[in-house]
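Reading the structure
Now for the letters of each chain:
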Amino acid sequence: MRRPKATSCYPRCCPVILLLLLKLVLAQYEHLGYPPGYPDPEQEHYTAPQLTADTPRIQLRLAGDKRKHNEGRVEVFYNSEWGTVCDDDFNIHAAQVVCRELGYVEAISWSPSSKYGKGQGPIWFDNLHCSGKERTLALCPSNGIGVSDCKHSEDVGVVCSDKRIPGFKFVNTLHNHVENLDIQVEDVRIRAILSSYRKRIPVTEGYVEVKDGGKWKQICNTEWTEFNSRVICGMFGFPGERKYNARVYKMFARRRKPTFWDFSVNCTGNEAHLSSCKLGHATLLKSNGTCAGGLPVVVSCVPGRTFAATPMMGFRKAFKPEQPLVRLRGGAFVGEGRVEVLKNGEWGTICDDNWNLLSATVVCRELGFGTAKEALSGGRLGQGMGPVHMNEVKCSGFEKSITDCLFNKEALGCSHEEDAAVRCNIPAMGFQERLRLSGGRNPYEGRVEVLVERNGSLVWGTVCSEGWGTMEAMVVCRQLGLGFASNAFQETWYWPGEVSADAVVMSGVRCSGTEMSLSHCLHHGDHLNCPKGGGRNAAGVSCSDTAPDLVLNPQVVEQTTYMEDRPMFMLQCAYEENCLTSTSGQTPANSYRRLLRFSSQIHNNGQADFRPKASRNSWVWHECHRHYHSMEVFTLYDLFSLNGTKVAEGHKASFCLEDSECDEGVEKRYECANFGEQGITVSCWDTYRHDIDCQWVDITDVKPGDYIFQIVINPNYEVPETDYSNNIVKCRCRYDGHRVWMYSCHNALNNRYCMT
């Protein structure tokens, strides 16, 4: 019988087999094991615009006092000189042409009247009439290049989308002036090369690669500086860079031929993103494709304390700001918030006059994050309390602390409506990939489903709803990048979810509210315990971009405190609503109770109205006082001995949650009369006067002495807030048996697990 002909191809197959083996060996240096998002999907190829010979050749860049790398004043390079564009007749179509020419997918908005500062040089374009489809701004009808009657106070700015055009190819037509151009590439990444770094999250060391023309390319290190490394580390969420073992990377570069980008990079070290750096000289490649230095750029970044792994516990379980002089408050995510500084023992805010990315970046790096991706003004992340400590802050960008920057100590005219805030770059931790919301009507709500490892494979499942509350929902919304929790649900029968994920895979979840991932919260682990099971009884959430923030005014408590002896026959309604101590039940009607009375003024400093959790149909009518309770316990009043023992207590149901007064220019929205809506509007406050029933602590059985008085707002976390750390007020209290004094009242840190 004749042998099969296939055996005769053996010699030809050897090279193929060897090539496959070589690829497998080198695969350890490639995408295998990268965090989600690193593998390169096939993208549509960007086609560079074909321009006729008579089309003026221009280059664009975004400049000025930028809030992000993808926005700024529009500047045009023409005839060997940079100039600007006038805002006359400029519209979103013209902005679209600008953004597309710069490699962004689309324009978001545009701004007239030199929002990003006044430019210099000629005003190259005026009265532009773009359709939005032009391949370059030079093709839009206008008065003609350089023909303008505008001033630089009319310079136009644009905001482009973060997303770059897939396959975008930067084409430089002005080779003599490359150093004046912003870097325009499709994407940037740190690609982990060594196997030890590929397994780490976040990726902190590897090649710096840019995506240009749909292909990832390395950068030649001949002109690379530590300032460039500082920018790269900062944009990926790291506060600083460090040295690395160059010998290992040199060995790898010899084994794998790099593909180099056409240009070098020129950063000052203060840029928030590589796109804000200037293009360097053209890369000179040798005949074998290597650059003059022969090596690709490598960076090694140092993660901040929040993201640094420790041998014992992996990543830190919760975000706990440990910087004694600066902190962030009111943000939905780690790395964002209102900037507060400590001065003379008192926390205060920063006025937003001259607030910019440079100053914001100093704050971000100081707290262990990367560069600032946004410098927010106008109290965008809620209003703070206390004094405004700093105004007109001016930083070089290299300060160790915001307190080292120059600033105006006089904050005249600054109110908390002008509080400055930041959003910082943080490392990609991959937390979003292990959690999803399923069955909701929109991406902001649904049944919580988590990805866990079971029997060696990853499976989706539900979370047991027993004990599920606001704090746990807050962590879910943060992990998914959806803001604050607006509701936590213990039943989700109306959200079917994925049938294959009905089984419970996590139970006993209890969060402090500051964790970056639900897996960082306390939970049962592999020993599940959920009697009701998952499916319709699984945990669910709804998320929101904004939330309220209630803050009690400590000065009002201190100034209004007094003592009253009130006859028992005048306290029958209060007795029915449990506003007296348990011993009052044996008190004769002709005796009296001794009450510690005070007023409380509760301000909504947040970004959304404070509304009771229960809907109107669930409010409870109290006949004696003839009012509705929308929250059974809205505030707690407690008196403690100096060693922490509770000696007296009181509570306040929200029988009338309404706007007593509002800041100037804000209208009241909530009034309890005639079964009206209850709530507290943003920038309004609800005052509970000292002469209202239950606005007291019954101290009849308290002995004279020194005590600590404590008030807690929203103690059961029934309503989500941007900041629970300011929900407690503590005062020193002295009672001599005849009189009572309250002094040293202050807002105290709220710790969920330390509350008595």
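Residue numbers run consecutively from 1 along every chain, following the written order of its sequence. The predicted origin of the model limits local features to residues at a pLDDT of at least 70 and limits the giving and counting of side-chain atom pairs to 80 or more, whereas totals for whole chains, interfaces and linings rest on all residues. To get the side-chain values, all heavy atoms of the structure are used, and hydrogens and water are removed first.

Quick notes on the sheet that holds strand β40 (residues 740-748)
Here is the rule we go by: Note on pairing: DSSP must find at least two bridges between two strands before they are called paired. A run of DSSP states H or I qualifies as a helix once it reaches four residues; a run of E qualifies as a strand once it reaches two. Both are numbered from the N-terminal end. For every element, the axis is a line fit to its C-alpha atoms; helices are fit only across the contacting stretch, and the angle between N-to-C directions ranges from 0 to 180 degrees.
Overall, antiparallel pairing links the 5 strands, which are arranged β34-β33-β38-β39-β40 in an open sheet. Only two strands of the sheet have a single partner each, and these edge strands are β34 (646-652) and β40. Geometrically, the sheet is characterised by an average inter-axis angle of 20° between neighbouring strands, direction not taken into account. Sheet topology note: the strand β33 (residues 635-641)/strand β38 (residues 705-713) ladder contains 7 bridges and is antiparallel. Within β38, the position partnered with S641 by the bridge is Y707.

Details of the nonpolar core
Quick note on the threshold: By convention a nonpolar core is built from buried Ala, Val, Leu, Ile, Met, Phe, Trp, Tyr and Cys residues, the set being connected through side-chain atoms within 4.5 Å. Working definition: with a 1.4 Å probe on protein chains only, accessible area under 20% of the residue-type maximum means buried, over 50% means exposed, and in between means partly exposed. Note on contacts: a residue pair qualifies if any of its non-hydrogen atoms lie within 4.5 Å across the two residues.
The biggest cluster of nonpolar side chains holds 40 residues, and the ones touching the most others in it are I183, W224, I232, W261, V265, L274 and V299. Looking at this core, the elements that each hand over two or more residues are β7 (187-191), β8 (205-212), α4 (226-235), α5 (246-255), β11 (263-266) and β13 (298-302). It is α4 that contributes the most residues to this core, 4 residues altogether. Beyond its immediate stretch of four places on either side in the chain, I232 contacts V188, I190, V208, W224, L274 and V299.

Quick word on the pairing of strand β30 (residues 600-604)
Consecutive side chains of a regular strand alternate in pointing toward one face of the sheet and then the other. β30 sits mainly inside the fold: 5 of its 5 residues count as buried. The alternating pattern of β30 places S600, I602 and N604 on one face and Q601 and H603 on the opposite face, and all of these are buried. Judged from the 3 bridges that link them, strand β27 (residues 550-552) and β30 form a sheet pairing that is antiparallel. Paired with L552 across the strands is I602, a residue of β30. Where β30 and strand β36 (residues 684-688) come together, 4 bridges link them in antiparallel fashion. Directly across from I602, in β36, lies its bridge partner D686.

Let's talk about the confidence of the model for the chain
The condition that has to hold: Per-residue confidence from the predictor is reported as pLDDT, a score between 0 and 100.
For the chain, mean pLDDT is 85; residues scoring 70 or higher make up 88% of the total. Looking at the elements of the chain, mean pLDDT is at its lowest for helix α1 (residues 10-26), recorded as 46, and at its highest for α4, recorded as 96. Note that pLDDT drops below 50 for residues 751-756; the model gives that stretch 14 contacts with residues more than four away or on any other chain.

Observations concerning the state of the cysteines
We apply this condition: Any two cysteine sulfur atoms within 2.5 Å of one another count as a disulfide.
On inspection of all chains with the given rule, the structure shows 13 disulfides. In this model, C395 is linked to C405 through a disulfide, with the two sulfur atoms separated by 2.1 Å. What sets the handedness of the C395 and C405 disulfide is the S-S torsion sign, and at about 110° it is right-handed. Taken together, the positions of C395 in the loop between β18 (388-394) and β19 (406-408) and C405 in the loop between β18 and β19 put the pair 10 residues apart, joining distant regions of the chain. Just as C395 is buried, C405 falls in that class too. Here C733 stays free of any disulfide, with the sulfur of C731 as its closest cysteine sulfur at 8.3 Å. For C733, a relative accessible area of 2% puts it in the buried group.

Thoughts on the side chain of S542
The condition is simple: Each polar contact in these results corresponds to two N or O atoms within 3.5 Å; when the atoms are within protein, one needs to be able to donate a hydrogen and the other to accept it, and residues that are neighboring in sequence are counted only if both atoms are side-chain atoms.
Here S542 lies in strand β26 (residues 540-544). Among the polar contacts made by the side chain of S542, one reaches the side chain of S486 at a distance of 2.7 Å. When neighbours within four sequence positions are excluded, S542 is seen to be in contact with Y444, E445, C477, F484, A485, S486, N487 and F489.

Structural notes on the side chain of S599
Mapped onto the secondary structure, S599 falls in the loop between β29 (592-597) and β30. Engagement of the side chain of S599 in a polar contact is seen with the backbone nitrogen of H690, the distance being 2.9 Å.

A few points about unusual backbone geometry
Residues I201 and P202 are joined by a peptide bond in cis, for which omega reads 5°. Looking at where P202 falls in the secondary structure, it is placed in the loop between α3 (195-198) and β8. For S80, which is not a glycine, the phi torsion comes out positive at approximately 65°. Structurally, S80 can be placed in the loop between β2 (71-78) and β3 (81-85).

A look at the pairing of β38
Note: β38 against strand β39 (residues 728-735), 8 bridges, orientation antiparallel. Its bridge partner being in β39, G705 is matched across the sheet by Y735.

Some details on helix α7 (residues 470-479)
Helical periodicity: at 3.6 residues per turn, an α-helix aligns residues three or four positions apart in one direction. By the criterion of burial, α7 is predominantly enclosed, with 10 of the 10 residues buried. For α7, the complete set of buried residues consists of T470, M471, E472, A473, M474, V475, V476, C477, R478 and Q479. Buried residues along α7 sit against β21 (435-439), β22 (445-454), β24 (484-489) and β26. Downstream of α7 by a residue or two, G481 has a phi angle that is positive, lying close to 70°.

What to know about the sheet that holds β29
Here 3 strands make up an open sheet; going across it, the order is β28-β29-β37 and the pairing antiparallel. Single-partner strands in this sheet number two, and they are β28 (562-567) and β37 (696-698). On average, adjacent strands in this sheet sit at an angle of 35° to one another, irrespective of strand direction. Looking at chain direction, β29 and β37 are connected through 3 bridges and run antiparallel. Note that in β37 the partner of R597 across the bridge is W696.

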